[in-house]
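Examining the three-dimensional arrangement
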Amino acid sequence: MVHLVGSLRKELADCLSTSKVLVVGAGGIGCELLKNLVLTGFKNIEVIDLDTIDVSNLNRQFLFQKKHVGKSKAQVAKESALQFCPSANITAYHDSIMNPDYNVEFFRKFVLVMNALDNRAARNHVNRMCLAADIPLIESGTAGYLGQVTVIKKGMTECYECQPKPTQKTFPGCTIRNTPSEPIHCIVWAKYLFNQLFGEEDADQEVSPDTADPEAAWNPEETAARATASEKDGDIKRISTKEWARSTGYDPIKLFNKLFKDDIMYLLTMDKLWKKRKAPIPLDWQQLENSECPHEETPGLGLKDQQVLGVWGYCKLFQQSVETLRSQLQEKGEGAELVWDKDDPPAMDFVTSAANLRMHIFSMNMKSRFDVKSMAGNIIPAIATTNAVIAGLIVLEGLKILSGELESCRTIFLNKCPNLRKKLLVPCVLDPPSANCYVCASKPEVTVKLNVHKTAVLTLQDRILKERFGMVAPDVQIEDGKGTILISSEEGETEANNSKFLGDFGIRNGSRLQADDFLQDYTLLITVLHTEELERDVEFEVVGEAPDKAPPPQSNKEEVNSITNGNKDSAQPSTSSKAPSEDDDIMIVDSDEDEGASSSAAVAAAVGTKRKHSDAGTGETSTKRPRTDQSSAAAAPTDDDDDIIALD
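Predicted, not measured: the structure shown is a model, and the values here were computed from it.

1. So, the pairing of strand 11 (residues 445-450)
- A one-sided burial pattern is seen for strand 11, the buried positions being V446, V448 and L450 and the unburied ones E445, T447 and K449.
- For strand 11 and strand 15 (residues 522-530), the ladder comprises six bridges, and the chain directions are parallel. Looking at strand 15, one finds that K449 is bridged to L529.
- Bridge analysis of strand 11 against strand 16 (residues 540-542) gives three bridges, and the strand direction is antiparallel. Each residue of the ladder has a partner; that of V448, found in strand 16, is V542.

2. A look at the pattern of salt bridges
- According to the stated counting rule, one finds 21 salt bridges in the structure shown.
- Between E46 and K20 there is a salt bridge whose closest N-O contact spans 3.7 Å. A residue pair is termed long-range when its members are at least 10 positions apart, and E46 in strand 4 (residues 44-48) and K20 in strand 3 (residues 20-24) qualify at 26 residues.
- By relative accessible area, E46 is classed as buried at 5%.
- Taking relative accessible area as the criterion, K20 reaches 30% and is therefore assigned partly exposed.

3. Looking at the pairing of strand 6 (residues 112-115)
- Alternating positions in strand 6 separate into two faces, L112 and M114 on one and V113 and N115 on the other, with burial throughout.
- As paired elements, strand 3 and strand 6 share four bridges and run parallel to each other. Bridge pairing links V24 to N115 in strand 6.
- Where strand 6 meets strand 7 (residues 137-143), two bridges bridge the pair, whose relative direction is parallel. Directly across from M114, in strand 7, lies its bridge partner I138.

4. Re the confidence of the model for the chain
- Put simply, the chain has an average pLDDT of 79, and 76% of its residues get 70 or more.
- Contacts of residues 222-238 to residues separated by more than four positions or lying in other chains number 27 contacts, the stretch itself having pLDDT below 50.
- For the stretch residues 547-648, pLDDT sits under 50, and the model shows 591 contacts to residues farther than four places along the chain or on other chains.

5. Quick notes on the environment of Q196
- Among the secondary structure elements, Q196 is positioned in helix 7 (residues 183-198).
- Q196 gets classed as buried once you look at its relative accessible area, which sits at 3%.
- Between the C-alpha atom of Q196 and that of E206, which follows or precedes it by 10 residues, the distance is 7.3 Å.
- Sequence-distant contacts of Q196, that is, excluding residues within four places in its chain, are made with E201, D202, Q205, E206, V207, T241 and K242.

6. Structural notes on the UniProt feature "binding site: Zn(2+)" (unreviewed entry) in the chain
- When the UniProt feature table is mapped onto this chain numbering, "binding site: Zn(2+)" (unreviewed entry) sits at C159, C162, C437 and C440. In terms of the greatest pairwise C-alpha distance, the residues named above, spread along 282 residues, form a tight cluster of at most 8.4 Å across.
- Within the secondary structure layout, C159 lies in the loop between strand 8 (146-152) and helix 6 (173-177).
- In this view, C159 contacts N127, L131, I152, C437, V439 and C440; residues no more than four positions away in its chain are not counted.
- Counting through the fold element by element, C162 comes out in the loop between strand 8 and helix 6.

7. Topic: the sheet that holds strand 12 (residues 475-478)
- Strand order in this open sheet of six strands is 13-12-14-15-11-16, and the pairing throughout is mixed. Of all strands in the sheet, those bounded by a partner on one side alone are strand 13 (485-487) and strand 16. Pairwise comparison of adjacent strand axes, ignoring direction, gives a mean angle of 30 degrees for this sheet.

8. Regarding the nonpolar core
- Judged by nonpolar contacts, the single largest core of 55 residues is most densely connected at W189, F198, F256, F260, F318, F350 and L357.
- At the level of secondary structure, the elements contributing two or more residues to this core comprise helix 7, helix 9 (241-247), helix 10 (252-268), helix 11 (285-292), helix 12 (311-332), helix 13 (345-361) and helix 14 (369-376).
- A per-element tally of this core places helix 7 first, with 10 residues.
- If we skip the residues at most four places from it in the chain, F350 touches A190, L193, F194, L197, F198, F318, S321, V322 and L325.

9. Observations regarding a negative patch on the surface
- Judged by side-chain charge, E200, E201, D202, D204, E243 and E337 come together as a negatively charged surface patch.
- Turning to its location among the elements, D202 is positioned in the loop between helix 7 and helix 8 (220-223).
- Residue classification places D202 among the partly exposed positions, given a relative accessible area of 30%.

Reading the values: the criteria
- By convention here, each chain's residues receive numbers from 1 onward along its written sequence.
- Restriction of local features to residues with pLDDT of at least 70 applies here, the model being predicted, together with a cutoff of 80 or more for giving and counting side-chain atom pairs; totals for whole chains, interfaces and linings are based on all residues.
- Note that water and hydrogens are dropped before the side-chain values are worked out from all heavy atoms of the structure.
- Only protein chains enter the accessibility calculation, which uses a 1.4 Å probe; a residue whose area is less than 20% of its type maximum is buried, one above 50% is exposed, and one in between is partly exposed.
- Helix and strand assignments come from DSSP, with helices taken as H or I runs of at least 4 residues and strands as E runs of at least 2, each series counted from the N terminus.
- Any two strands with at least two DSSP-identified bridges between them are counted as paired.
- When a carboxyl oxygen of Asp or Glu lies within 4 Å of a side-chain nitrogen of Lys or Arg, that pair is called a salt bridge.
- In predicted models, pLDDT denotes the confidence assigned by the predictor to each residue on a 0 to 100 scale.
- Contact criterion: two residues are considered in contact whenever any of their non-hydrogen atoms come within 4.5 Å of each other.
- UniProt positions are given in the numbering used here, feature names are shortened, and annotations may be inferred rather than shown by experiment.
- Helix axes use the C-alpha atoms of the stretch in contact, all axes being lines fitted to C-alpha atoms, and the angles between their N-to-C directions lie in the range 0 to 180 degrees.
- The definition of a nonpolar core used throughout is a set of buried Ala, Val, Leu, Ile, Met, Phe, Trp, Tyr and Cys residues joined through side-chain atoms within 4.5 Å.
- Patches here are clusters of residues that have more than 30% relative accessible area and form no salt bridge, with a 9 Å joining cutoff for like charges and a 5 Å cutoff for nonpolar side chains (Val, Leu, Ile, Met, Phe, Trp, Tyr).
- Surface exposure here means Shrake-Rupley accessible area, sampled with a 1.4 Å probe, where a residue is shielded only by the protein chains that are shown.
- We score Asp and Glu as negative and Lys and Arg as positive, and we do not count His or the chain ends.
- Where a charge lies is defined by one atom per residue type, namely NZ (Lys), CZ (Arg), CG (Asp) and CD (Glu).

As structure tokens, this is what we get:
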């Protein structure tokens, strides 16, 4: 007769009480997961999260209360979970999992790692650390009513990076600065403007008219005289937007006239841009004030955040937000910078007003604060019940792993609508590792197409190795027979190389580079393919990847039995992605919170196909072969919109 401890076999219950597990992320999924773990019988748990508690978390992250706002999520989650089970041994870290302190030896302490993250970079990193430590990883995520869970085990299953992820959706600079045609273009512009005025300036996020726009093909010398707005305070030719704003004392009316009158009039001088487009219509504060001010706008019906104001209403909101943000900067002192956060009311008011004024100028329908926030934060509203279901599935998969039944683990998708078999939970057999994966293959290799005469060493380090290939502290050696060190992770050793081009070091078509990340215990061989024909604004291409295109259909494995509590054919990891915010936890492995994700993955495909999973973080969809399609949204150690994880 089987001896039970609660609902578990005694052997399994004893295993839980002695096994040490790591939970990465303490947001929407993380809170539910931590509570489930202690109530299931896990006694040795470590939890890590970089984020602090925001009031917007309280509607679904039930380990937190109003009195906890501003405190560490990991620490408060620990204290709350201990109230369920005082005998549990929980260690909390208010830190980033990407900190070098959490090395391979740290990961080897655990028998199981569970992700409740919100950004792709953190997910990639944890994936590599678990591969290096040979520890099973459970990925998870939610987006609205959708959720996903999957298991990753070195040598047995696909890793998080086996399938190419769609790159984050970006827009050409000239579109953002000169010819916006969709509300999202104006919202991106407004977020750039916030950073240029109040945050960390970035040359790639310039908001002034782009005089190098190839479509304009104009001669500034000949047309400058036609720009009637060249007053000193509104001079669009100033080098630094922030420097100019400071010189005006952040005067909201001068800012308004520069951004929405002077810059627009300057754009109108670029004749060729408006031959096939409707030209923008500049706004003038004085004219608007004279015409609108006597007639106070009547508030609309419904919730305040869902109302669309008139032009003058957004002018006043712009003025108020600039004054508030100016005060915040002054309080922080000389040289201070603000960080944009969709949950910071003045910052959100600024982006809402600036974006809507620009929409009006370019003849687009204006959007409510709610809509702007959704697009600006890539938010998919988080549903507490979805988090609870996914957290439960994570524990069920964990029980299989600790029972030695890894072969029974599944990838499980939680759908919004039943599939043809009337199932909301759809388990799918795990895929084996991809032979072409540049992370978990026995000898990871990639080919990168770039122009060696235009690609700087710093671009190789930051944009290619860190951003594209997920390395944290890369070292690069040229395989030239001399072992030339191109990039060193030791501070100061190779900084002199940063501004030089790859061609300056003899790198040419066919050259090979060896990139090592000792923290991740990861080595990647890179073959350089020189080309002069990259598209405009494209710095490099990874040869052989087309993440935006779905692979050809393949026969689908039979859908596993319906999922029931404790059934071996239970849940599979989903990942959650958190844009600096909080839609938690869809393990769409690599998505953050984006509109569109909720609808794109709403229904699992009929028998033989799985749904496409939208990248919560980027709003893009990636389709794996039908049998293993997963969405991916990774969560960074923050969680507000946390946790959409799409395992693509």
